[in-house]
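If you want the building blocks of each chain, they are given just below.
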Amino acid sequence: MIYFQPLTEFPRMKNTDCPSMKHYNPVTVQELFAIQNVANQVISEAKVFLVIGVGGSFLGARAVIDALTPYFTTKNDVEILYAGNNMSGAYLNQLLTYLDTKEVYVNVISKSGSTMEPALAFRVVKKYMDKRYGKEARKRIIVTTDAEKGILKKIANKEGYRQFVIPSDVGGRYSVFTPVGLLPIAVAGIDIEAFVRGGRQAELDFSSESNSAIDYAWNRYALYKQGYSVELLASFEPRLNKLHEWWKQLFGESEGKEHKGLYPSTVNYSSDLHAIGQFIQDGSRIMFETLIHFDTIEGDMEIPFSVDNIDGLNYLAGRSMNSINSTSKDGVALAHEEGGIPVIRIELPKLDAYHVGYLMMFFMKACVISANLLEVNPYDQPGVEAYKDKMLELLKEDMVKVRA
């Protein structure tokens, strides 16, 4: 289902110990049914679905929603908004003002409930919902958290909120196929059954000893050993920007340990060709490029014929914008290859729920293999815990000073 073009300089290397996705728990049919039922209720009663979470608690869902939602409308007249992914007081203040004239449901997502950004946002939003809806707020706040422990679990039990479970062995960046990702995706009007089916098919396809996920992992590892320090994920469709952000966290948080790993960076063409394209083409040779492309994208525009042809573009009249975009993609890849930038190409037939699910599982599988090649644990994030500890330490010191 994925057309993968490995680099000719690095022929495919056989991996005799392909690790399994131990920390991937696909939902059951019953769970899918329960998620869709709640989503249908939200769709019928709300104009805004507010997702509170940070990192993997919202990036996966937002990647899918942005990739599959029309640019200027929603699929079912429910707007998906996000909070708890920053600590901007201005953002939260303006968000609550914006919500005042719209019916709202809230989904707060956190395994522990103690992560600072979503915890602060939820405290504020909870007060807002209680004041606005009274007892009805209990129905309008949905919690996705650990099955047994954590601060958010205690709050949910105390308040009587409906709950979905984050499997205990699934980290945020691997959680898009759990209720963490599936509830917001379903509320956005996207076919979660097709999305999960694509992920499951990819899991089957990439379980063999020789497959595209292994090829991708080995190619990027070979480039890393050759001295390349940056992987640049690129695409030619603006709606894939958040998919890039999800990919960046997936590989950055899984591999960046023990002073090892490629630095994951992203660009969206053709816009970024006019921003850092010069550096990519002629700058220091520190990066290689992974180019993702979907052959068919819903919606297109034909270039019209002009009688005066002042702009000289009649040679493109009758062609679609998408076909021109695809040709531009090939031209950029050739220019970069000829300029000394290794280019890995990943292509899928269509930008839809099934193939986005397939691609995300492809990246998750390859990420686990890549981390194993680097001999680091793909599932922990000790560096993240370090910054959290220092931030809490400083906040407590500030509180002591205030009281003094």
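Keep in mind the model is a prediction, meaning the values are calculated, not measured.

## Notes on a nonpolar patch on the surface
Side chains of Ile 276, Phe 279 and Ile 286 sit close together on the surface and give an oily, nonpolar patch of about 230 Å² of accessible area. Among the structural elements, Ile 286 can be located in the loop between helix 11 (277-282) and strand 9 (287-296). On the accessibility criterion, Ile 286 (31% relative accessible area) is partly exposed.

## As for the pairing of strand 4 (residues 104-109)
Summarising burial for strand 4: 6 of the 6 residues are buried, a large majority. Where burial is concerned, the two faces of strand 4 agree: the one with Val 104, Val 106 and Val 108 and the one with Tyr 105, Asn 107 and Ile 109 are both buried. Sheet analysis places strand 2 (residues 48-52) next to strand 4, joined by 5 bridges and oriented parallel. Across the sheet, Val 51 pairs through a bridge with Asn 107, a residue of strand 4. Taken together, the 4 bridges between strand 4 and strand 5 (residues 141-145) define a ladder with parallel strand orientation. Counted as the bridge partner of Asn 107 is Ile 142 from strand 5.

## Some words on the pattern of salt bridges
Across all of its chains, the model carries 21 salt bridges by this definition. The partner of Arg 220 in a salt bridge is Glu 231, and the shortest N-O contact between them spans 2.6 Å. Taken as a pair, Arg 220 in helix 9 (residues 212-225) and Glu 231 in strand 7 (residues 230-235) lie far apart in primary sequence, 11 residues in all. By relative accessible area, which is 2% here, Arg 220 ends up buried. Close ionic contact of Glu 337 with Arg 345 constitutes a salt bridge, the shortest N to O distance being 3.7 Å. Shared partners join several salt bridges into a network, and the residues in it are Lys 329, Asp 330, Glu 337, Arg 345 and Glu 347.

## With respect to the nonpolar core
Counting residues in hydrophobic clusters, the biggest one holds 82 residues, and the most contacted among them are Phe 195, Trp 246 and Phe 363. Discounting residues that sit within four places of it in the chain, Phe 195 has contacts with Val 64, Val 176, Phe 177, Leu 182, Ile 185, Ala 353, Tyr 354, Val 356, Gly 357 and Met 360. Within the second largest apolar cluster, 24 residues are counted, among which are Leu 50, Leu 95, Val 125 and Tyr 161.

## Points about the packing of aromatic side chains
A complete count under the given rule lists 16 aromatic pairs for this structure. Here Phe 251 and Phe 363 contribute two aromatic rings whose centre-to-centre distance is 6.3 Å and whose plane-to-plane angle is 85°, an arrangement assigned as edge-to-face. Placement of Phe 251 in helix 10 (residues 241-255) and of Phe 363 in helix 13 (residues 353-374) is noted, with a sequence separation of 112 residues between them. Given the relative accessible area of 1%, Phe 251 is considered buried. Pairwise contacts between aromatic rings join Phe 206, Tyr 216, Trp 247, Phe 251, Tyr 354, Tyr 358, Phe 362 and Phe 363 into one cluster. Between the NZ or CZ atom of Lys 102 and the centre of the ring of Tyr 98, over which it lies, the distance is 3.9 Å. Looking at Arg 220, its charged tip hangs above the ring of Tyr 216, at a distance of 5.6 Å from the centre.

## Here we look at the sheet that holds strand 3 (residues 79-83)
Sheet architecture is open: 5 strands sit in the order 3-2-4-5-6, paired in parallel fashion. At either margin of the open sheet sits one strand with a lone partner, and together these are strand 3 and strand 6 (162-165). Direction aside, neighbouring strands of the sheet carry axes that sit 20° apart on average. Contacts between helix 1 (residues 29-45) and the sheet are confined to strand 2, strand 4, strand 5 and strand 6, with strand 6 contributing the most and set at about 135° to the helix.

## Notes on the environment of Arg 123
Positionally, Arg 123 belongs in helix 4 (residues 116-133). Expressed as a C-alpha distance, the spacing of Arg 123 and Asp 272, which sit 149 residues apart in the sequence, is 38 Å.

## Quick look at helix 3 (residues 89-99)
All of the buried residues along helix 3 are Leu 92, Leu 95, Leu 96 and Leu 99. The buried residues of helix 3 occupy an angular sector of 95° when the element is viewed end-on, so they sit on one face. Turned more than 90 degrees away from the buried face of helix 3 sit Asn 93, Gln 94 and Thr 97, all of them exposed. Buried residues along helix 3 sit in contact with strand 2, strand 3, strand 4 and helix 4.

## Notes on the packing of helix 9 against helix 13
In the contact formed by helix 9 and helix 13, the axes pass within 8 Å of each other and the chain directions differ by 45°. In terms of orientation, helix 9 lies oblique with respect to helix 13. Of the two elements, helix 9 crosses helix 13, and the hand of that crossing is right-handed. Across the interface between the two elements, Ser 212, Ala 213, Ile 214, Tyr 216, Ala 217, Trp 218, Arg 220, Tyr 221 and Tyr 224 of helix 9 pack against Phe 362, Phe 363, Lys 365, Ala 366, Ile 369, Ser 370, Leu 373 and Leu 374 of helix 13.

## Regarding the pairing of strand 6
Relative to strand 6, strand 5 runs parallel, the two being bridged by 4 bridges. Counted as the bridge partner of Thr 145 is Val 165 from strand 6. After leaving strand 5, the chain enters helix 6 (residues 151-159) and then returns to the sheet as strand 6, a path that is right-handed.

## Points about the side chain of Asp 146
Within the secondary structure layout, Asp 146 lies in the loop between strand 5 and helix 6. A distance of 2.8 Å separates the side chain of Asp 146 from the backbone nitrogen of Glu 148, its partner in a polar contact. In this structure the side chain of Asp 146 is engaged in a polar contact, spanning 3.0 Å, whose partner is the backbone nitrogen of Lys 149. Leaving out residues up to four positions away in the same chain, Asp 146 has contacts with Ser 110, Lys 111, Lys 153, Ile 166 and Ser 168.

## Notes on helix 13
Look at helix 13: 32 Å from first C-alpha to last across 22 residues, which is about the 32 Å you get at 1.5 Å a residue. For helix 13, the buried fraction is high: 21 of the 22 residues fall into the buried class. Two residues or fewer after helix 13 comes Glu 375, characterised by a positive phi angle close to 60°.

Analysis parameters
Residues numbered from 1 in each chain as written. Predicted model: local features only at pLDDT ≥ 70, side-chain atom pairs only at ≥ 80, totals over all residues. Heavy atoms only, no water. Patch = residues over 30% accessible without salt bridge, like charges linked within 9 Å, V, L, I, M, F, W, Y side chains within 5 Å. Areas by Shrake-Rupley, 256 points an atom, 1.4 Å probe, with all protein chains shown as cover. Salt bridge = Lys/Arg side-chain N within 4 Å of Asp/Glu carboxyl O. Helix = DSSP H or I, 4+ residues; strand = E, 2+ residues; numbered from the N terminus. Buried < 20%, exposed > 50% of the residue type's maximum accessible area, 1.4 Å probe, protein only. Pairing = 2+ DSSP bridges. Core = buried A, V, L, I, M, F, W, Y, C linked by side-chain atoms within 4.5 Å. Contact = heavy atoms within 4.5 Å. Phe/Tyr/Trp six-rings, centres within 6.5 Å; stacked < 30°, edge-to-face > 60°. Lys NZ or Arg CZ within 6 Å of the ring centre and 35° of its normal. Axes fitted to C-alpha atoms, helices over the stretch in contact; angles between N-to-C directions. Arc of directions from axis to C-beta. Parallel < 35°, antiparallel > 145°, perpendicular 65-115°, else oblique. Left-handed = near helix turned anticlockwise from the far one by under 90°. Right-handed = clockwise from strand over helix to strand, strands pointing away. Polar contact = N/O pair within 3.5 Å; in protein donor to acceptor, adjacent residues only side chain to side chain. Expected span 1.5 Å × (residues − 1).

Keep in mind these numbers describe shape, not what the thing actually does.
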